[in-house]
Amino acid sequence: MIGLLTLGLGLAHASPPALDSIYLVMVDRFHSGSSRNDGAVDLEDPSAFHGGDLAGLLKKLDTIEALGVDTLWLTPIGSMREQRIAEHGAFHGYWPDNNRKVSPRFGTAADLQALREALEARGMKLILDVVLNHVGPETTLTQTQPDWFNTNGDITDWSDPVQLRNNDVHGLPDLDHGNPAVVRHLIKDGQFWLRAARPDGFRIDAVRHMEPAFLKDWIGKMSASAAAPLVFAGEIYDGNAVAVAAEVATTGLTHSFDFPLYYALTESICGDGDLRKIAAVLTQDRRYPEGHQWITFLDNHDTARVQTVCGEHTQAAFTFMT
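About the thresholds
Residues numbered from 1 in each chain as written. Predicted model: local features only at pLDDT ≥ 70, side-chain atom pairs only at ≥ 80, totals over all residues. Heavy atoms only, no water. Salt bridge = Lys/Arg side-chain N within 4 Å of Asp/Glu carboxyl O. Helix = DSSP H or I, 4+ residues; strand = E, 2+ residues; numbered from the N terminus. Buried < 20%, exposed > 50% of the residue type's maximum accessible area, 1.4 Å probe, protein only. pLDDT = per-residue confidence, 0-100. Contact = heavy atoms within 4.5 Å. Axes fitted to C-alpha atoms, helices over the stretch in contact; angles between N-to-C directions. Nonpolar A, V, L, I, M, F, W, Y, C, P; charged D, E, K, R; others polar. Core = buried A, V, L, I, M, F, W, Y, C linked by side-chain atoms within 4.5 Å. Parallel < 35°, antiparallel > 145°, perpendicular 65-115°, else oblique. Pairing = 2+ DSSP bridges. Disulfide = S-S within 2.5 Å. Polar contact = N/O pair within 3.5 Å; in protein donor to acceptor, adjacent residues only side chain to side chain. Arc of directions from axis to C-beta.

**Focus: the pattern of salt bridges**
Applying the stated criterion across every chain, the model contains 20 salt bridges. A salt bridge links Glu65 to Arg122; the shortest N-O distance between them is 3.4 Å. With Glu65 in helix 2 (residues 61-66) and Arg122 in the loop between helix 3 (109-121) and strand 6 (125-130), the pair connects residues that are 57 residues apart, well separated along the chain. A salt bridge links Arg116 to Glu120, with the nearest nitrogen and oxygen atoms 3.7 Å apart. Highlighted residues: Arg116 and Glu120, both in helix 3, separated by 4 residues, approximately one helical turn. Assessed through its relative accessible area of 2%, Arg116 is described here as buried.

Set out below in structure tokens:
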């Protein structure tokens, strides 16, 4: 169980779907519904696989629904690199290999369909996580299509906008979005998930590391391929609201995770910062496109847990969010 995220709605927008609250599930860490697909697991090792799968998630939907949640966000469920990199485990799914196949560890396409149907019966929505910026090291595409990747080495200066777009993020092979073959491949990946799961939208990983023109094209192709308007929720890991708003405007994202508010809130309410930081972030809402929606949160799978950050001020932080 990863946590509960609440969505702070901006201006009213007829499409994409309206969201109220989002429950984030890291599939391997949630619940095992079948031991047949576990493979090697070690519950004592925090870097190992723990055996969670789609069947386990399906068994726990009543519990999640009872929380009042209306949307389920799954971390990547595609086939992935499973070998560790140094001390880092692969259980999270963000080292993709084949993005047109459900990872056998998580189940089958039939399991995904069953989950989709169960959510629809409850009036709940499904958001799938997609990784468009990179693949896992030593995976299929790095071996069969080596010319599909930038070869500029790791990002060494995180304030350099060129490096952010064109260099590797912590050694992860960086796809060249200026290559038409790469773009076609990633569009087909997205269309596969539209057919396989009929999601209500996508959470898009590592937005600030991709060319905005590529992402705008990808979003347009997904919208054209879908039967109904979709959520496109971008992870723009930046505390600068002006920068995040500019990224949203140039890519066509319908939602963004509100990292600027997260940083302002944790620094002011939970730290020694000035409460005016919160007001300063909120005044920047005018910079976002009309109808944009912000996903507000106090922690997620990329941050420390809110109790660790806020300590005795945790309840005050939750009170502010409500």
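Okay, back to it.
**Regarding the confidence of the model for the protein**
Summary statistics for the protein give a mean pLDDT of 94 and a share of 96% for residues scoring 70 or more. Counting contacts from residues 1-14, a segment whose pLDDT is below 50, to residues more than four positions away or on other chains yields 50 contacts.

**Overview of the packing of helix 3 against helix 6 (residues 180-197)**
To describe two helices that pack against each other, one gives the angle between their axes and the distance between the axes. In the contact formed by helix 3 and helix 6, the axes pass within 9 Å of each other and the chain directions differ by 65°. Each of Leu112, Gln113 and Arg116 in helix 3 lies in contact with helix 6, whose residues at this interface are Trp193, Arg195, Ala196 and Ala197. Classifying every residue of the contact of helix 3 with helix 6 gives 4 nonpolar, 1 polar and 2 charged.

**Quick word on the nonpolar core**
Nonpolar side chains in soluble globular proteins tend to end up buried together. Core analysis: the biggest nonpolar cluster contains 63 residues, and Leu72, Leu74, Phe202, Ile204, Leu215 and Trp218 have the highest contact counts within it. With 9 residues, helix 6 is the largest single contributor of residues to this core. With residues up to four places along the chain from it excluded, the contact list for Phe202 reads Ile127, Leu128, Val130, Gly190, Trp193, Leu194, Trp218, Met222, Leu230, Val231, Phe232 and Ala233.

**Focus: the packing of helix 7 (residues 212-225) against helix 8 (residues 241-251)**
For the pair helix 7 and helix 8, the least separation of the axes is 8 Å and the interaxial angle reads 50°. Taken as axis vectors, helix 7 and helix 8 run oblique relative to one another. Where helix 7 approaches helix 8, its residues Pro212, Leu215, Lys216 and Ile219 are matched on the opposing element by Glu247, Thr250 and Thr251. Residue composition of the contact of helix 7 with helix 8, grouped by class: 3 nonpolar, 2 polar and 2 charged.

**Points about the pairing of strand 6**
Of all 6 residues that make up strand 6, 6 are buried, and the element is covered over most of its length. Alternating positions in strand 6 separate into two faces, Lys125, Ile127 and Asp129 on one and Leu126, Leu128 and Val130 on the other, with burial throughout. Here 4 bridges tie strand 3 (residues 71-74) to strand 6, and the two strands are oriented parallel to one another. Opposite Leu74, over in strand 6, you have Leu128 as the bridge partner. Both strand 6 and strand 7 (residues 201-204) contribute to a ladder of 4 bridges, which runs parallel. For Leu128, the partnering residue across the bridge sits in strand 7 and is Phe202.

**Quick look at the pairing of strand 2 (residues 21-25)**
The buried fraction of strand 2 amounts to 5 of the 5 residues, a majority that puts the element mostly inside the structure. A two-sided burial pattern is seen for strand 2, the buried positions comprising Ser21, Tyr23 and Val25 on one face and Ile22 and Leu24 on the other. As paired strands, strand 2 and strand 3 are joined by 4 bridges and run parallel to one another. Bridging from a neighbouring strand, Leu24 pairs with Trp73 of strand 3.

**Here we look at the state of the cysteines**
According to the stated counting rule, one finds 1 disulfide in the structure shown. In this model Cys270 forms its disulfide with Cys310; the gap between the sulfur atoms is 2.0 Å. The disulfide joining Cys270 to Cys310 has a torsion of about 75° about its S-S bond and is therefore right-handed. Of this pair, Cys270 sits in the loop between helix 9 (259-268) and helix 10 (276-282) while Cys310 sits in helix 11 (residues 306-310), and the two are 40 residues apart along the sequence.

**Here we look at helix 9**
Taking burial as the measure, the 10 residues of helix 9 include 8 buried ones, the bulk of the element. The set of residues buried in helix 9 consists of Phe259, Pro260, Leu261, Tyr262, Ala264, Leu265, Thr266 and Ser268. Packed against the buried residues of helix 9 are helix 8, strand 9 (255-257), helix 10, strand 10 (293-296), helix 11 and helix 12 (314-321). Where helix 9 begins, the capping side chain belongs to Asp258, and its oxygen is found 3.1 Å from the backbone nitrogen of Leu261.

**Observations concerning helix 12**
Those residues of helix 12 that sit buried are Thr314, Ala317 and Met321. The arc that holds every buried residue of helix 12, seen down its axis, measures 60°, which confines them to one face.

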